[in-house]
Amino acid sequence: MERQSGGEVGGEKLPREPGASEIRIGVRCATEPVDDVPLASILNDALPGWTAAPLFADADGMWLVTGPAEERVGTPEYARRAHSLAQDLIDSGQVEHAEADVPSIVSSSTVENPEQVSLGLSDHPPGSEHARWARDAIRCDAAWAISPARGAGIRIAHPDTGYTLHPNLGADALDLTIDRDFLDGNDDALDPLLDPGSLPLPSSFPGHGTSTASVMVGRGNERDGIVGVAPGATVVPLRAVESVVQFFDSDVARAVEHARISGCHVASISVGGLGFFGLRAAIDRAVAAGMIVVAAAGNNVRVVVAPASYANCLAAAATGPEDLTWPLSSRGRTVDVSAPGWGVHVADFTWEDDIPTPRVARSSGSSYAATHLAGVAALWLAHHGADALRERYGARVQEVFLFLLRAAGSRVPEGWDADAYGAGIVDAGALLAAPLPAETELDGNTQRGVSPVTRLSAMVDADPSELARGLTRRLTIPEAEVDTVVGRFERELAFHLADSPAFTGELLARERVDGSATQAAWPDMRACSPQFASTFVTGCQGT
């Protein structure tokens, strides 16, 4: 396949609106369907005209059910329709679990600091003038002195907007033998670089995959280019999104699964949504295979986004020069560690008359914190040998990496808030210098809990018992039954916790402490399935 040259618009790919007329529902079956027959029978009864396909090649009891939608993706009406269909499938009694794969709704109510965001926090903080400031912050030179290979032999999977041959990234930085486009369904993850103004989804960032990849493996120079954290490693581009906040998690799930099957060593995920059991499963499978999976904590919102909030995914928050924390970074107890993400020099594009022109620019986001961490993971794996680590530790490679990040591989600035920003700022030099631990040294506490309530509490930075008490109060059921109820509605509840700060505050007794729920503290009823509304709203009004 012929690849496009750097700076050119990406081939014949046209503007698209992913899923604008499509609803996706993930289904887990108690007994695996044979040749789709049992599931097809269910669909014919409940959702005529819909189709089902295995979420992963080996099925593993997980299926993606797809059908038409009249509602526009990203609207409350679309969310209500998708959530309702998922609940109808559960009510049929024929499936073990079903949940809608619904992209986030982006609105001013979900933004943490709308005034600050609208005014624009500068991407040029003092101290960010030189391109190498971020590498210096994580002591990259010290790591390179220990391991001159600089990540050689390590493949970093990168589910994002795809690749370009930007001159400050470099073709040699990309592995285009196993890349894939999960949006258009082909084996070329080329980013078409459409003018952002022409794209229908909010927060669409053409070239985002290039910018983030340049932080990891940039092959530029110090004078006018980008030198990545692990310039000896290669990135495997996996085109799975156009918007970094509104996307189908099932596309990212399939990208992570492809990374595992293709033999990647690290997965760097610089997108964030509300989560999906299929994505969680894909990450669990990747980590069990000895991969390290890192993700961005999130920007501008009150929650730590998924998959960063997941138990088996390392979450990175963003910092700036002088070890300052980036004010717009998501934060909380779910964050494992922080890394530079404010005023980072990246390979970028500017558009004039719909034509993209490559450049180097400063940019901000926890996306870059995740890619700094992924680059450091590549240095560490190359230093000790990825195969040797897998042979010695098996499925615990990521656990060892996190153990060492906490024990030795992070700097702790004065006044550091570990409950918000993790163990500290990544210190690549100290990490590579630290001896590998014996398995008996591992404390077993490097993973967060895996119950539905625990997963949701990680997302909203709450203690699980705090959220369980709030749900018990609202549902008027014994606390022991909360996980069962929440398990059915976990994905829809995550949607409303992210979309409605008042609803979240009421559940956590941060805005009300009595047992009643005012209408202001309800979730957006336009986006609720009838089953969710009757359980979490109507049944809790005392009428």
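See the structure shown above.
Thresholds, definitions, all that
Residues numbered from 1 in each chain as written. Predicted model: local features only at pLDDT ≥ 70, side-chain atom pairs only at ≥ 80, totals over all residues. Heavy atoms only, no water. Helix = DSSP H or I, 4+ residues; strand = E, 2+ residues; numbered from the N terminus. Buried < 20%, exposed > 50% of the residue type's maximum accessible area, 1.4 Å probe, protein only. Contact = heavy atoms within 4.5 Å. Areas by Shrake-Rupley, 256 points an atom, 1.4 Å probe, with all protein chains shown as cover. Salt bridge = Lys/Arg side-chain N within 4 Å of Asp/Glu carboxyl O. Core = buried A, V, L, I, M, F, W, Y, C linked by side-chain atoms within 4.5 Å. Pairing = 2+ DSSP bridges. Axes fitted to C-alpha atoms, helices over the stretch in contact; angles between N-to-C directions. Parallel < 35°, antiparallel > 145°, perpendicular 65-115°, else oblique. Left-handed = near helix turned anticlockwise from the far one by under 90°. Nonpolar A, V, L, I, M, F, W, Y, C, P; charged D, E, K, R; others polar. Polar contact = N/O pair within 3.5 Å; in protein donor to acceptor, adjacent residues only side chain to side chain.

Let us look at the overall build of the chain. Secondary structure summary: the chain contains 18 helices and 15 strands in total. Buried positions account for 59% of the 543 residues belonging to the chain. Once local pairs closer than 6 in sequence are excluded, the contacts in the chain between residues at least 24 apart make up 76%. Element-wise, carbon and sulfur atoms account for 50% of the exposed surface of the chain, whose accessible area totals about 19,900 Å².

A word on the pattern of salt bridges. Applying the stated criterion to the full structure yields 22 salt bridges. Between Arg411 and Asp323 there is a salt bridge, with its nearest N and O atoms 2.9 Å apart. Of the two residues, Arg411 sits in strand β14 (residues 410–411) while Asp323 sits in the loop between β10 (314–319) and β11 (337–340), which places them 88 residues apart along the sequence. For Asp524, the salt bridge is made with Arg526, and the minimal N-O distance between the two is 2.8 Å. By relative accessible area, which is 18% here, Asp524 ends up buried. Residue class for Arg526 comes out partly exposed when judged on its relative accessible area of 48%. If you follow the salt bridges from partner to partner, you end up with Asp58, Glu257, Arg260 and Arg285 in one network.

A few words on the nonpolar core. Counting residues in each nonpolar core, the largest one holds 57 residues, and the members touching the most others are Ile156, Ile292, Leu373, Trp380, Leu381 and Phe401. When residues in this core are grouped by element, the largest group, nine residues, is from helix α9 (residues 366–384). For Trp380, the contacting residues outside a window of four places in its chain are Ile292, Leu389, Val397, Val400, Phe401, Leu404, Leu431, Leu432 and Leu436. In terms of nonpolar packing, the next biggest core, distinct from the first, is built from 56 residues, Ala69, Leu475, Ile477 and Cys528 among them.

With that out of the way, let us pick up helix α14 (residues 452–459). With eight of its eight residues buried, α14 lies for the most part within the structure. Every buried residue of α14 is accounted for by Pro452, Val453, Thr454, Arg455, Leu456, Ser457, Ala458 and Met459. Looking at the buried positions of α14, the neighbouring elements they touch are α8 (277–288), α15 (464–475) and α16 (482–499). Where α14 ends, the next residue or the one after it, Asp461, has phi of about 55 degrees, a positive value.

Now for the sheet that holds strand β4 (residues 97–100). Strand pairs in the sheet, formed through backbone hydrogen bonds, run parallel or antiparallel to each other. Strand order across the open sheet formed by four strands is β2-β3-β1-β4, with antiparallel pairing between neighbours. Of all the strands in the sheet, the pair left with one neighbour each is β2 (51–54) and β4. Between one strand axis and the next, the sheet turns through 25 degrees on average, direction left out of account. With seven bridges connecting them, strand β1 (residues 22–28) and strand β3 (residues 62–68) associate as antiparallel partners. Each residue of the ladder has a partner; that of Ile25, found in β3, is Val65. Strands in contact with α8 are β1, β3 and β4; relative to β1, the strand with the most contacts, it is inclined by about 55 degrees.

For the rest of this paragraph, the subject is the pairing of strand β5 (residues 155–160). Side-chain positions along a regular strand alternate between the two faces of the sheet. Judged by how many residues are buried, β5 sits mostly within the fold: five of six residues are covered. Where β5 meets strand β7 (residues 234–239), six bridges bridge the pair, whose relative direction is parallel. The partner of Pro159 across the bridge, within β7, is Leu238.

Turning to the packing of helix α7 (residues 249–261) against α8, a few remarks are in order. In contact at an axis separation of 8 Å, α7 and α8 are set at 15 degrees when each is read in the N-to-C sense. Put simply, α7 runs roughly parallel to α8. In terms of crossing hand, the pair formed by α7 and α8 is left-handed. Residues Asp249, Val252, Ala253, Val256, Glu257 and Arg260 of α7 touch α8, and the partners they reach there are Gly278, Leu279, Ala282, Ile283, Arg285 and Ala286. The class makeup of the residues in the contact of α7 with α8 is seven nonpolar, one polar and four charged.

Looking now at the side chain of Ser500. You can see Ser500 is positioned in the loop between α16 and α17 (501–507). With near-sequence residues (within four places) excluded, Ser500 lies in contact with Trp522 and Pro523.

Turning next to the packing of helix α2 (residues 76–91) against α16. Between α2 and α16, the least distance of the axes is 10 Å, while the angle of their chain directions is 170 degrees. Judged by the angle between their axes, α2 and α16 are roughly antiparallel. Counting all contacts with α2, which are made through Ala79, His83, Gln87, Ile90 and Asp91, the residues of α16 involved are Arg488, Phe489, Arg491, Glu492 and Phe495. When the residues that make up the contact of α2 with α16 are grouped by side-chain class, the tally is four nonpolar, two polar and four charged.

Before going further, it helps to spend a moment on the side chain of His158. With respect to the helices and strands, His158 occurs in strand β5. Here the side chain of His158 touches Ser268 through a polar contact of 3.0 Å, landing on its backbone oxygen. If we skip the residues at most four places from it in the chain, His158 touches Gly209, Thr212, Ala213, Met216, Val235, Val236, Pro237, Leu238, Ser268, Ser270 and Thr371.

The sheet contact formed by strand β12 (residues 344–352) and strand β13 (residues 355–363) spans nine bridges and is antiparallel. Its bridge partner lying in β13, His345 is registered against Arg362.

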